[in-house]
Amino acid sequence: MADAKVIPFDDDRSRARRRPGGRADREAAAVRALPGPQQGPQEPEGSQEGLAPAVAGEAPGADAGAGGEAGAGVEAGAGGWERRLAGGLAFLRRRITGDYEVDEFGYDEELTDQVLMSLLRPLYEKYFRVEVKGVENIPAEGGALIVANHSGTLPLDGLMMQVAVHDQHPAGRHLRLLAADLVFVLPVVNELARKAGHTLACAEDAERLLRSGEIVGVMPEGFKGIGKPFGERYKLQRFGRGGFVSTALRAGVPIVPCSIVGAEEIYPMIGNAKTLARVLGFPYFPLTPTFPWLGPLGALPLPTKWTIQFGEPIPTDSYAPEAAEDPMLMFNLTDQVREQIQHTLYKLLVQRRSVFF
């Protein structure tokens with residue numbers, strides 16, 4: 001099997017390919033990559049004549065009635081499946097031959113768009129029914145740092161936020177999440193995280209991504225937030241020492257606060273088996289009303305209704321470069337971001353009708 005091509009992270013080609021439209025454009029591009037003749041967007045010459053009566057306001061004949069429309073629909077449906085099958089086969093051929101690109105962090109955009117996002121999308125759209133607000137606060141181009149609350153026992157909130165940015169933003173932008181060390185030592189999870197664009201939560205990687213014009217996501221609460229008891233839900237934990245603020249200042253990018261409601265209730269954590277957690281090398285071992293008592297079935301998250309709101313960005317480009325070394329400024333900006341997220345969480349909780357609807 002041939003190796004995939006590694007492109008320089010700051011290569012303009014990688015960013016240029018991500019700028020145009022949404023999912024439909026990318027699927028069409030995959031089909032156009034197939035060998036052989038492709039049908040163009042224009043209709044045959046005869047089709048223009050068929051449209052003339054409709055444009056002129058004339059009633060169509062019996063031959064162009066419901067039966068003709070149904071037949072056209074069947075043909076269009078068959079053609080759609082053929083294109084999808086052809087696109088899938090072309091995708092498999094590129095994976096087998098190594099004719100695809102990854103950046104220096106291991107991010108595989110094609111695999112993310114066509115496979116990983118497709119797997120997460122039903123969970124996002126049908127199971128959690130995520131409602132997104134304020135996505136216009138994410139810049140259409142250039143770098144930005146999204147700072148969000150973290151909860152839910154398992155980090156599904158980060159994945160749902162990644163789908164929200166990718167599918168809801170007009171520019172179809174990709175979110176590069178900063179993840180904890182544990183993610184990159186787990187088998188399988190390590191490879192998938194790299195392919196999906198995640199990287200180690202360190203200042204060097206984050207700053208490089210931001211300077212290259214990427215959208216970077218960070219959840220400063222870390223394990224303290226995701227592993228907190230159910231009784232402390234929607235109460236933000238400590239945001240660390242403000243390292244994310246320092247990174248944003250050095251890169252000169254805006255900070256976008258993000259509040260996520262609904263993730264706290266998917267695995268209500270009522271206990272923590274600390275001894276078992278130490279044996280397994282985990283930061284905590286959750287006990288919920290269903291896990292581990294129901295076995296694998298207990299690992300199924302509850303189908304709560306989610307809301308993700310992106311707040312107004314906090315600009316940092318007006319500060320001097322040395323401002324990143326000012327501890328008081330770090331504290332003030334960190335507290336400003338934290339308070340904005342906490343205030344939005346309370347507002348969303350008041351507005352929601354139910355945990356599940």
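Residues numbered from 1 in each chain as written. Predicted model: local features only at pLDDT ≥ 70, side-chain atom pairs only at ≥ 80, totals over all residues. Heavy atoms only, no water.

Asker: Can you help me understand the environment of Tyr-284 in this one?
Answerer: Secondary-structure assignment places Tyr-284 in the loop between α11 (274-280) and β10 (286-287). Note: C-alpha distance between Tyr-284 and Lys-228 (56 residues apart in sequence) is 9.4 Å. When sequence neighbours within four positions are dropped, the list of residues in contact with Tyr-284 reads Thr-153, Phe-223, Ile-226, Gly-227, Met-269, Asn-272 and Ala-277. (Helix = DSSP H or I, 4+ residues; strand = E, 2+ residues; numbered from the N terminus. Contact = heavy atoms within 4.5 Å.)

Asker: Mind showing me how you'd approach helix α10 (residues 243-251) here?
Answerer: Spacing of three or four residues puts side chains on the same side of an α-helix, whose turn is 3.6 residues. When you tally the buried positions in α10, you get seven out of nine residues, the bulk of the element. Within α10, the full set of buried residues consists of Phe-244, Val-245, Ser-246, Thr-247, Ala-248, Leu-249 and Ala-251. Each element contacted by the buried residues of α10 is listed here: β4 (144-148), α8 (203-211), β7 (215-218), β8 (255-261) and α12 (327-351). Positive phi shows up at Gly-252, right after α10, with a value of about 70 degrees. (Buried < 20%, exposed > 50% of the residue type's maximum accessible area, 1.4 Å probe, protein only.)

Asker: Sorry if this is basic, but what is going on with the environment of Phe-105 here?
Answerer: Relative to the elements of secondary structure, Phe-105 occurs in the loop between β2 (101-102) and α5 (109-127). Expressed as a C-alpha distance, the spacing of Phe-105 and His-198, which sit 93 residues apart in the sequence, is 8.1 Å.

Asker: Which parts of the structure should I look at to understand the sheet that holds β7?
Answerer: Strand pairing within a sheet occurs via backbone hydrogen bonds; the two strands may be parallel or antiparallel. One open sheet holds the seven strands; their spatial order is β3-β11-β8-β4-β7-β5-β6, and the pairing between them is mixed. Each end of this open sheet is capped by a strand with a single partner; those strands are β3 (131-133) and β6 (199-200). Lying on the sheet, α10 is in contact with β4, β7 and β8; it crosses β4 at an angle near 165 degrees. (Pairing = 2+ DSSP bridges. Axes fitted to C-alpha atoms, helices over the stretch in contact; angles between N-to-C directions.)

Asker: Explain the packing of aromatic side chains here, please?
Answerer: Aromatic ring pairs are defined here through the distance separating the ring centres and the angle between the ring planes. By the definition in use, this model includes four aromatic pairs. A centroid spacing of 4.6 Å and a plane angle of 25 degrees characterise the contact between Phe-128 and Trp-306, whose relative ring orientation is stacked. Residue Phe-128 is located in the loop between α5 and β3, and its partner Trp-306 is located in the loop between β10 and β11 (307-310); the two are separated by 178 residues in the primary sequence. Across this residue pair, the class does not change: Phe-128 and Trp-306 are buried. Measuring from ring centre to ring centre gives 6.1 Å for Phe-239 and Phe-244, while their planes differ by 75 degrees; the resulting arrangement is edge-to-face. The class of Phe-239 is buried, set by a relative accessible area of 4%. Each member of the aromatic cluster is reached from another via a ring pair, and the members are Tyr-127, Phe-128 and Trp-306. We note Arg-95 situated over the ring of Tyr-100; from NZ or CZ to the ring centre the distance is 3.7 Å. Between the NZ or CZ atom of Arg-233 and the centre of the ring of Phe-230, over which it lies, the distance is 4.1 Å. (Phe/Tyr/Trp six-rings, centres within 6.5 Å; stacked < 30°, edge-to-face > 60°. Lys NZ or Arg CZ within 6 Å of the ring centre and 35° of its normal.)

Asker: Even after reading the chapter, I still don't get the pattern of salt bridges, so can you show me in this structure?
Answerer: It is possible for side chains bearing opposite charge to pair when their charged atoms get close. Following the criterion strictly, the structure yields twelve salt bridges and no others. One salt bridge connects Arg-250 with Glu-325, and the closest N-O pair in it is separated by 2.8 Å. One end of the pair, Arg-250, is in helix α10; the other, Glu-325, is in the loop between β11 and α12, with 75 residues separating them in the sequence. Judged by its relative accessible area of 32%, Arg-250 is partly exposed. Glu-265 is the salt-bridge partner of Arg-352, the closest N and O atoms lying 2.8 Å from each other. Taken as a pair, Arg-352 in the segment after α12 and Glu-265 in the loop between β8 and β9 (271-272) lie far apart in primary sequence, 87 residues in all. Note on Arg-352: relative accessible area 23%, which makes it partly exposed. Among the residues examined, Glu-265 registers a relative accessible area of 6% and is labelled buried. (Salt bridge = Lys/Arg side-chain N within 4 Å of Asp/Glu carboxyl O.)

Asker: I keep staring at a nonpolar patch on the surface and nothing clicks. Help me out?
Answerer: Where nonpolar side chains cluster on the molecular surface, the patch consists of Leu-85, Leu-89, Leu-92 and Ile-96 and spans about 420 Å² of accessible area. Note that Leu-92 resides in helix α4 (residues 66-97). For Leu-92, a relative accessible area of 46% corresponds to the partly exposed category. (Patch = residues over 30% accessible without salt bridge, like charges linked within 9 Å, V, L, I, M, F, W, Y side chains within 5 Å. Areas by Shrake-Rupley, 256 points an atom, 1.4 Å probe, with all protein chains shown as cover.)

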